Amino acid sequence: MMAAQTIADQFVMNIKKDKRVQVIHQKNQGQSSARNAGLNIAKGSYIGFVDSDDWIEQNMYEKLYKNICLYNADIATCSYVLEYEDNNIKTTELEEQLLELFEKKNQKMLLKNFLNRELYFSGPCDKLYRMSIFENIRFPENQFYEDNYIALELMLKAEKIAVGNGKYYHYRLTNFAHILNELNNSFSGRNEVVDRLC
């Protein structure tokens, strides 16, 4: 049995009385496949994603949930911290402040923001979504920069998006991940995504 499966099974055994937790065993097919597997069995009204090498502040989802409820948003997002192997960054609790409330009628402004990477980051992990927004939408598998494709689809489908500035998500970057992050910052394929959806 693979080490990851053993760890997951031990975790579930420790909280086996909590019926909300399920473990999915599948062949490693990439993060899109793993996220889709979770989406396919999720039963709640909201969903979020955390990559296995990252971590979140304990109150992240509470803060995002409050913004979804307060602004009747389909997506709430927060800011994030990049943590490099050679420079460990710690974040103290920050006061949540709403930086922007994007509405469907302002899609042009949101698209510009997305393409310029100003406030709305394409990754799914610094967000909480209403589960209903994923109806007929899944992460594209075997696609380079798959986050960009689904981010734009979800963004265009959302009636409202609440963007906050609290730094609640921590991306741990190895040297390789740092290179990919820099490539993603200069990713030119966003224009292809806009053409595909608009």
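Residues numbered from 1 in each chain as written. Predicted model: local features only at pLDDT ≥ 70, side-chain atom pairs only at ≥ 80, totals over all residues. Heavy atoms only, no water.

(A) Local environment of the packing of aromatic side chains. Using the criterion set out here, one finds eight aromatic pairs in the structure. Taken together, a centroid distance of 6.2 Å and an interplanar angle of 65° make the contact between F49 and Y129 edge-to-face. Within this pair, whereas F49 is found in the loop between β1 (46–48) and β2 (55–56), its partner Y129 is found in strand β5 (residues 127–130), the two being separated by 80 residues in sequence. The class of Y129 is buried, set by a relative accessible area of 3%. Aromatic pair Y80 and Y171: ring centres 5.3 Å apart, planes at 85°, arrangement edge-to-face. On the criterion of sequence distance, the pair formed by Y80 in strand β3 (residues 75–84) and Y171 in strand β6 (residues 160–173) is long-range, its members being 91 residues apart. The class of Y80 is partly exposed, set by a relative accessible area of 27%. Note on Y171: relative accessible area 11%, which makes it buried. Among the aromatic residues, those joined into a ring-pair cluster are F49, Y129, F134 and F139. (Phe/Tyr/Trp six-rings, centres within 6.5 Å; stacked < 30°, edge-to-face > 60°. Helix = DSSP H or I, 4+ residues; strand = E, 2+ residues; numbered from the N terminus. Buried < 20%, exposed > 50% of the residue type's maximum accessible area, 1.4 Å probe, protein only.)

(B) Expanded view of helix α3 (residues 60–71). Here α3 spans 17 Å end to end across 12 residues, near enough to the 16 Å set by a 1.5 Å rise per residue. Within the sequence span of α3, burial applies to M60, L64, N67 and I68. Each buried residue of α3 lies within a common arc of 100° when the element is viewed along its axis, so the set occupies one face. In this fold, the buried residues of α3 make contact with β1, β2, β3, β4 (98–103), β5 and β6. Positioned one or two residues after α3, N72 has a phi angle of 50°, which is positive. (Expected span 1.5 Å × (residues − 1). Arc of directions from axis to C-beta. Contact = heavy atoms within 4.5 Å.)

(C) Expanded view of the pattern of salt bridges. Applying the stated criterion across every chain, the model contains five salt bridges. The salt bridge involving D51 is made with R35; its shortest N-O contact spans 2.9 Å. Of the two residues, D51 sits in the loop between β1 and β2 while R35 sits in helix α2 (residues 31–41), which places them 16 residues apart along the sequence. For the pair formed by D51 and R35, the shared burial category is buried. (Salt bridge = Lys/Arg side-chain N within 4 Å of Asp/Glu carboxyl O.)

(D) Geometry of the side chain of E83. Looking at where E83 falls in the secondary structure, it is placed in strand β3. At 4.0 Å, R172 is the nearest oppositely charged side chain to E83, a buried residue that forms no salt bridge. In this structure the side chain of E83 is engaged in a polar contact, spanning 2.8 Å, whose partner is the side chain of H170. (Lys, Arg positive; Asp, Glu negative; His and termini not counted. Polar contact = N/O pair within 3.5 Å; in protein donor to acceptor, adjacent residues only side chain to side chain.)

(E) Structural view of helix α5 (residues 146–157). Relative to the 16 Å expected for 12 residues at 1.5 Å per residue, α5 spans 17 Å between its end C-alpha atoms, a close match to the ideal helical length. Among the 12 residues of α5, 10 are classified as buried, and the element is accordingly described as predominantly covered. Residues E146, D147, N148, Y149, I150, A151, L152, L154, M155 and L156 constitute the buried set of α5.

(F) Main features of unusual backbone geometry. You will see that N72, though not glycine, has its phi angle at about 50°, which is positive. Secondary-structure assignment places N72 in the loop between α3 and β3. The phi angle at N136 is positive, at roughly 65°, despite the residue not being glycine. By the secondary structure assignment, N136 is in the loop between β5 and α5. With a relative accessible area of 77%, N136 lands in the exposed category.

(G) Broad picture of the nonpolar core. Of all hydrophobic cores here, the largest spans 35 residues; its most connected members are F134 and I161. It is α5 that contributes the most residues to this core, six residues altogether. For F134, the contacting residues outside a window of four places in its chain are L39, I47, F49, Y129, F139, I150, L154 and K157. (Core = buried A, V, L, I, M, F, W, Y, C linked by side-chain atoms within 4.5 Å.)

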